[in-house]
Amino acid sequence: MPQIFSKKANTYSRVSLFCLLALPAGAIMAGMAVTRGPAQTNVGMPLDQPVPFSHKHHVEELGIDCRYCHASVETSAKAGVPTTETCMSCHAHIWTNSPLLEPVRKSYETGVPIKWQKINKVPEFVYFDHSIHIARGINCNTCHGPIQDMHITWKGQYFFMRWCLECHREPEKYLYVNPRDPDKDPRQKAFDLYSLNKYGEDLTPIEWRNLEGSDLKFSKDQIAEGEKLVEKWGVKVKQLTDCWTCHR
Amino acid sequence: MFRRLRTIRARHWIHLVSLAGVAFAATGCHIDMWYQSKKVAQDENEFFRDGKADRLPVAGTVARGELRHDDAFFTGRVDGKLITDLPARVEVSKELLERGKERYTIFCSHCHGAAGDGKGMIAQRGLSLRRPPASFHTDRLREMPLGHFYEVISNGFGVMYQQGTRIDSGVGAEKGKMDRWAIVAYIRALQLSQYYDASGLSAEEQEKLGIPAPEQIEWKNAFTEAQKKAAGSKPEEGGH
């Protein structure tokens, strides 16, 4: 009996079997890439804001502390976007005629707040609290990217659950003290970093990476130091990965 | 024969479409719980004319544990007169002054300068300021009762906007929050450090120091002395 299928048919059947599996998987992966990519999560994308507010200008060049504008960041869950009055406390004196600031002046007169576009947001079934992270000296830039370099603010991290957990599983990798003043309250450290940078102090490698908001690389020594801090500050590592920590 | 082929095709299409549906679901792009009907801080709410979801309590509301029964502490005045001393529950300590320094640096230094001389960043940039930020090192302000500084922070002064909404008034003072008074104490310390009698130091030390840093003062003594001095001078009636 002659062969019904030629030898090539073997290959065809393998290829089609492969495709049968690979195509749906590929489709899922492509879909995930889209939903988790910058177009959806807005990571790295400056948004169109009503006033072209520049952190680079106000933070890096003028040296204003984050807390002048985001005053509740140390004490509450929300950092809060500043009120119009906060802008006006300076802009009633300086740059008073700038057309760019017209929406600010108008908002101050009418009492209707400026509608800033929200950049960073976790879903509303997630509980996030700034104050505890600041109390442990986690830098703003670890979570928000290099704010001091942003002319128009963009999102530095995608805030997936996996990303939060990466740190919550091993917080010792991220904890460090300011070597210039190791006994100081860690809370102040994140803010000092911006002025140290502004005035051209020598920064340690971990400080640099924190400032740039790039992925940290961990040396053994640093992790050992971090473990000591976990102990010293009583960081509750055990409960950091419990679901109820972030989903209440 | 052809008919059969067509039905098979149709079935394939159904499979393909449902597969695409499954793939789409597996990517996890449902957001039904992401935006809930609850209102969180700084949300929008169309219901109110200003569009804000955050509402202020009705005027005169007193939250539990936040009764402001201590006039000196919460207004800087007793019986309408500015207080010359710190309120009783504020205790001068190194911690208080350090806190004051930290808060001063955040909220005041870009206008009034790190040394309180009125030469902050804004003052240096703003060529056309209507009124420059005050220097604290004038006789008038050196002798000003402490309550005045508390008032300026809380209510503003002249062209200076109030800073109070962002600086803790000490409502939760039991918890040691008294940032406005900490700043007040630090300003007086700054005034002292700029007005410091350096004769006790060797010439070399004086040279090196220029002006002694606030850390170098015996806090408690210097402080009480200044208090006495301020108390001895006439407090300005009625404030500004």
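Up top is the structure these notes are about.
For clarity, every value in this text was computed on a predicted model and none was experimentally measured.

Q: For this particular structure, what's the right way to read the overall build of chain A?
A: What chain A contains, in helices and strands, is 14 helices and zero strands. In chain A, the succession of α and β elements from N to C terminus is α-α-α-α-α-α-α-α-α-α-α-α-α-α. Taking 248 residues into account, the globule formula puts the C-alpha radius of gyration at 18 Å, and chain A, at 24 Å, lies well above it. For chain A, the C-alpha atoms occupy an extent of roughly 100 × 50 × 40 Å along the three principal directions. Long-range contacts, defined as pairs at least 24 residues apart, comprise 67% of the intrachain contacts of chain A with a sequence gap of at least 6. On chain A, the mean spot of the 30 positive side-chain charges and the mean spot of the 28 negative ones are 10 Å from each other.

Q: Would you take a moment to explain the overall build of chain B for this structure?
A: From N to C terminus, chain B includes ten helices and two strands. Long-range pairs, those at least 24 residues apart, make up 58% of the contacts in chain B between residues at least 6 apart in sequence. When the accessible area of chain B is evaluated, it comes to approximately 15,600 Å², of which 56% is carbon and sulfur surface.

Q: Help me out: how do you make sense of the pattern of salt bridges in this one?
A: Side-chain pairs of opposite charge can arise where the charged atoms are in close proximity. Considering all chains together, one arrives at 24 salt bridges over all chains under this definition. For A:Glu74, the salt bridge is made with B:Arg103, and the minimal N-O distance between the two is 3.0 Å. Of this pair, A:Glu74 sits in the loop between helix H4 (66–69) and helix H5 (84–91) while B:Arg103 is found in helix H3 (residues 94–107), placing the two residues in two different chains. By the burial criterion, A:Glu74 is buried, and B:Arg103 matches it.

Q: In this structure, what is going on with the interface of chain A and chain B? I would like to understand it.
A: Many analyses report the size of an interface as the accessible area lost when the parts associate. Residue-level contacts link 36 residues of chain A with 35 residues of chain B. Each partner contributes to the roughly 3,200 Å² buried at the junction of chain A and chain B, and carbon and sulfur atoms together form 61% of this total. Of all residues in chain A, the largest losses of buried area upon contact with chain B belong to A:Tyr68, A:His93 and A:Glu124, amounting jointly to 23% of the total for that side. Applying the counting rule to chain A against chain B returns four salt bridges.

Q: What should I look at first to understand the side chain of B:Gln191 in this one?
A: Residues and elements named next belong to chain B. Mapped onto the secondary structure, Gln191 falls in helix H8 (residues 179–194). Take Gln191: its relative accessible area is 2%, and that puts it in the buried class. Leaving out residues up to four positions away in the same chain, Gln191 has contacts with Phe136, His137, Leu141, Arg142 and Phe149.

Q: I would appreciate a short explanation of the environment of A:Gln188 in the present structure.
A: Positionally, A:Gln188 belongs in helix H10 (residues 186–198). Overall, the relative accessible area of 9% leaves A:Gln188 in the buried class. For the pair formed by A:Gln188 and A:Asn42, sequence separation is 146 residues and the distance between their alpha carbons is 30 Å. Here A:Gln188 is in contact with A:Arg67 and B:Glu102, once residues within four sequence places are set aside.

Q: Explanation requested: the nonpolar core in the structure shown.
A: Nonpolar side chains in soluble globular proteins tend to be buried together. All names here are of chain B. If you look at the biggest cluster of nonpolar residues, it comprises 39 residues, and the most contacted ones within it are Leu86, Val90, Tyr104, Phe149, Trp181, Ile183 and Val184. For this core, the secondary-structure elements that each account for two or more residues are helix H2 (71–75), H3, helix H5 (121–125), helix H7 (146–155) and H8. In terms of residue count, H8 provides more of this core than any other element does, nine residues in total. If near-sequence neighbours (up to four positions away) are discounted, Val90 is found in contact with Phe73, Leu96, Met178 and Trp181.

Q: What am I meant to see in the side chain of A:Glu172 here?
A: Residues and elements named next belong to chain A. Inspection of the secondary structure assignment puts Glu172 in the loop between helix H9 (161–169) and H10. One buried charged residue, Glu172, forms no salt bridge at all, with the nearest opposite charge on Lys173 at 7.0 Å. Filtering out sequence-adjacent residues up to four positions away, Glu172 remains in contact with Gln222, Ile223, Gly226, Glu227 and Val230.

Q: How should I be thinking about the packing of aromatic side chains in this particular structure?
A: Inspection of the entire model under this criterion finds eleven aromatic pairs over all chains. Considering the side-chain rings of B:Phe47 and B:Phe48, the 5.1 Å spacing of their centres and the 85° angle between planes classify their relative orientation as edge-to-face. Since its relative accessible area comes to 26%, B:Phe48 is described here as partly exposed. Feature note: the residues B:Tyr104, B:Phe136, B:Phe149 and B:Tyr186 constitute an aromatic cluster, connected by ring pairs. Its end group placed over the ring of A:Tyr68, B:Arg166 keeps NZ or CZ at 4.6 Å from the ring centre.

Q: So what exactly am I meant to see when it comes to H5(A) here?
A: Owing to its 3.6 residues per turn, the α-helix aligns residues three or four sequence positions apart on the same side. With respect to burial, H5(A) is a largely interior element, seven of its eight residues being buried. Among all positions in H5(A), only A:Thr84, A:Thr86, A:Cys87, A:Met88, A:Ser89, A:Cys90 and A:His91 are buried. Looking at the buried positions of H5(A), the neighbouring elements they touch are helix H3 (55–61), H4 and helix H6 (102–110) of chain A together with H5 of chain B.

Criteria and cut-off values
- Residues numbered from 1 in each chain as written.
- Chains lettered and ligands numbered in written order.
- Predicted model: local features only at pLDDT ≥ 70, side-chain atom pairs only at ≥ 80, totals over all residues.
- Heavy atoms only, no water.
- Helix = DSSP H or I, 4+ residues; strand = E, 2+ residues; numbered from the N terminus.
- Rg over C-alpha atoms; globule rule 2.2 N^0.38 Å.
- Contact = heavy atoms within 4.5 Å.
- Lys, Arg positive; Asp, Glu negative; His and termini not counted.
- Charge placed at Lys NZ, Arg CZ, Asp CG, Glu CD.
- Areas by Shrake-Rupley, 256 points an atom, 1.4 Å probe, with all protein chains shown as cover.
- Salt bridge = Lys/Arg side-chain N within 4 Å of Asp/Glu carboxyl O.
- Buried < 20%, exposed > 50% of the residue type's maximum accessible area, 1.4 Å probe, protein only.
- Buried area = accessible area lost by both parts, 1.4 Å probe.
- Core = buried A, V, L, I, M, F, W, Y, C linked by side-chain atoms within 4.5 Å.
- Phe/Tyr/Trp six-rings, centres within 6.5 Å; stacked < 30°, edge-to-face > 60°.
- Lys NZ or Arg CZ within 6 Å of the ring centre and 35° of its normal.

All quantities given are derived from atomic positions and should not be read as evidence of function.
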